[in-house]
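# Residue-level structural notes
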Amino acid sequence: QVQLVESGGGLVQPGGSLRLSCTASGNIFSNEAMGWYRQPPGKQRELVAHIRSGSITNYADSVKGRFTISRDNAKNTVYLQMNSLKPEDTAVYYCNALIVPIATDPAYNYWGQGTQVTVSS
């Protein structure tokens, strides 16, 4: 089994910053990619940022220049530094990882439980 545990959400004023963390643990043969998605109230889940092996990143247009994704491969941890936060960034943020549990398995998608980010004055 693989578990993803997120931390770092909370309430912040517009223009403020937050840093989310997500650590994968359990049976991990290889960690192919990690990322962050979010689900605003009443809307569908959407990609925020994604990082693959070799530190290849991609971002949603709405967060480019404000958010930075990074990972620590040794710790199986992904971070999301969020700056210049706006009220429209309010959402539940979910960590995602594409992990091969054992050498003979394909890669599977795993999700964290979600962490609330609220941007409000």
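Note: the structure precedes this text.
Notes on the structure in this doc start here. Predicted, not measured: the structure shown is a model, and the values here were computed from it.

## Quick look at the overall build of the protein chain
A count of helical and extended segments in the protein chain gives zero helices and eleven strands. Going residue by residue from the N terminus, the α and β elements of the protein chain occur as β-β-β-β-β-β-β-β-β-β-β. Taken against the 2.2 N^0.38 rule, which gives 14 Å for 121 residues, the C-alpha radius of gyration of the protein chain at 14 Å falls within 12% of a compact globule. Seen through its C-alpha atoms, the protein chain measures out along the principal axes to roughly 50 × 25 × 25 Å. Across the 121 residues in the protein chain, those meeting the buried criterion constitute 43%. About 6,300 Å² of surface is accessible on the protein chain, with carbon and sulfur atoms providing 48% of the total. Between the centroid of the 10 positive side chains of the protein chain and the centroid of its 8 negative side chains there is a distance of 5 Å.

## Considering the nonpolar core
Counting residues in each nonpolar core, the largest one holds 28 residues, and the members touching the most others are Trp 36, Val 48, Phe 67, Val 78, Leu 80, Met 82 and Tyr 93. Of all elements in the fold, only β1 (2-7), β3 (18-26), β4 (30-39), β5 (46-52), β7 (67-72), β8 (77-82), β9 (91-100) and β11 (115-119) reach the threshold of two or more residues within this core.

## What to know about the state of the cysteines
Applying the stated criterion to the full structure yields one disulfide. Here Cys 22 is linked by a disulfide to Cys 95, with a sulfur-sulfur distance of 2.1 Å. Its S-S torsion of approximately -80° makes the covalent link between Cys 22 and Cys 95 left-handed. In this pair, Cys 22 is assigned in strand β3 and Cys 95 in strand β9, connecting sequence segments 73 residues apart. Across this residue pair, the class does not change: Cys 22 and Cys 95 are buried.

## Observations regarding the pairing of β7
Only one face of β7 is buried: it carries Phe 67, Ile 69 and Arg 71, and the other face, with Thr 68, Ser 70 and Asp 72, is open. Relative to β8, β7 is paired through six bridges, and the arrangement is antiparallel. Counterpart to Ser 70 in the pairing with β8 is Tyr 79. From the end of β7 to the start of β8, which pair antiparallel, there are four residues, and Asn 76 there has a positive phi angle of about 50°.

Thresholds applied
- Residues numbered from 1 in each chain as written.
- Predicted model: local features only at pLDDT ≥ 70, side-chain atom pairs only at ≥ 80, totals over all residues.
- Heavy atoms only, no water.
- Helix = DSSP H or I, 4+ residues; strand = E, 2+ residues; numbered from the N terminus.
- Rg over C-alpha atoms; globule rule 2.2 N^0.38 Å.
- Buried < 20%, exposed > 50% of the residue type's maximum accessible area, 1.4 Å probe, protein only.
- Areas by Shrake-Rupley, 256 points an atom, 1.4 Å probe, with all protein chains shown as cover.
- Lys, Arg positive; Asp, Glu negative; His and termini not counted.
- Charge placed at Lys NZ, Arg CZ, Asp CG, Glu CD.
- Core = buried A, V, L, I, M, F, W, Y, C linked by side-chain atoms within 4.5 Å.
- Disulfide = S-S within 2.5 Å.
- Pairing = 2+ DSSP bridges.

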